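# Summary of structural features
Listed below, chain by chain, are the residues.
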Amino acid sequence: MMPTWLAGLVAVAAITVTYFFCVRPHLRGQGGTTTRGAAHDGQVDRQIAELREELRAMRARDYVDSGRVPSRTPTVPPES
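Here's what I pulled together on the structure shown here. (Residues numbered from 1 in each chain as written. Predicted model: local features only at pLDDT ≥ 70, side-chain atom pairs only at ≥ 80, totals over all residues. Heavy atoms only, no water.)

### Observations concerning the overall build of the protein chain
Counted only if it meets this: Runs of H or I in DSSP of at least four residues are treated as helices and runs of E of at least two as strands, each being numbered from the N terminus. The rule is simple: take the accessible area with a 1.4 Å probe, protein chains only, and divide by the maximum for that residue type; under 20% is buried, over 50% is exposed, in between is partly exposed.
Assigned secondary structure in the protein chain consists of two helices and zero strands. Expressed as a percentage of the 80 residues in the protein chain, the buried residues total 1%.

### Focus on the packing of aromatic side chains
Think of a pair of aromatic rings as described by two things: how far the centres are apart, and how the planes are tilted against each other in angle. Here is the rule: In this analysis, rings of Phe, Tyr and Trp, with Trp reduced to its six-membered ring, are considered paired at centre separations within 6.5 Å, and the interplanar angle assigns stacked below 30 degrees, edge-to-face beyond 60, and tilted for intermediate values.
A complete count under the given rule lists one aromatic pair for this structure. A ring pair is formed by Tyr19 and Phe20, whose centres lie 5.4 Å apart and whose planes are at 80°; its orientation type is edge-to-face. Overall, the relative accessible area of 38% leaves Phe20 in the partly exposed class.

### Some words on the pattern of salt bridges
Using the following cut-off: We count a salt bridge whenever a side-chain nitrogen from Lys or Arg sits within 4 Å of a carboxyl oxygen from Asp or Glu.
Evaluation of the coordinates by the stated rule reveals one salt bridge. Here Arg56 ties to Glu53 by a salt bridge, and the two come within 2.6 Å at their closest N and O atoms. Residue Arg56 and its partner Glu53 are located together in helix 2 (residues 38–66), separated by three residues, close to a single helical turn. The partly exposed category is assigned to Arg56, whose relative accessible area is 49%. Under the relative-accessibility criterion, Glu53 is labelled partly exposed at 42%.

### Let's talk about a nonpolar patch on the surface
In plain terms, the rule: Patch criteria: residues need more than 30% relative accessible area and no salt bridge. Like-charged residues are merged within 9 Å; nonpolar side chains of Val, Leu, Ile, Met, Phe, Trp and Tyr are merged within 5 Å. Computed with a 1.4 Å probe, the accessible areas rest on the Shrake-Rupley method; for each residue, only the protein chains presented here act as cover.
Together, Val17, Tyr19, Phe20, Phe21, Val23 and Leu27 make up a nonpolar patch on the protein surface, roughly 620 Å² of accessible area in all. Inspection of the secondary structure puts Phe21 in helix 1 (residues 4–27).

### Concerning helix 1
To keep things clear, this is the line we draw: Expected span, for any helix, means 1.5 Å times one less than how many residues it has. By definition, a residue's bend is the angle between the axes fitted to the seven residues ending there and the seven starting there.
The end-to-end C-alpha distance of helix 1 is 32 Å, a good match for the 34 Å that 24 residues give at a rise of 1.5 Å each. Where helix 1 bends most, the angle comes to about 40°, and this point is Tyr19. Looking one or two places after helix 1, you find Gly29, whose phi comes out positive at around 85°.

Dropping the structure here:
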């Protein structure tokens, strides 16, 4: 079994790494989910629109190939 002091050391190391790589950047506003720049936002939005259109076309092709047609209009996920 692992000695208690070694388990404590591993826990402290994990907490330290989490603080330096997750908590501290998030507090500074540089978290991994923040986007930088309006050009980047436009590029991401354009890529999302292209992927949604590609998904719509693939679903339509699947319906045609399988011979089944949906009885209702497929729902599009809301844009976030």
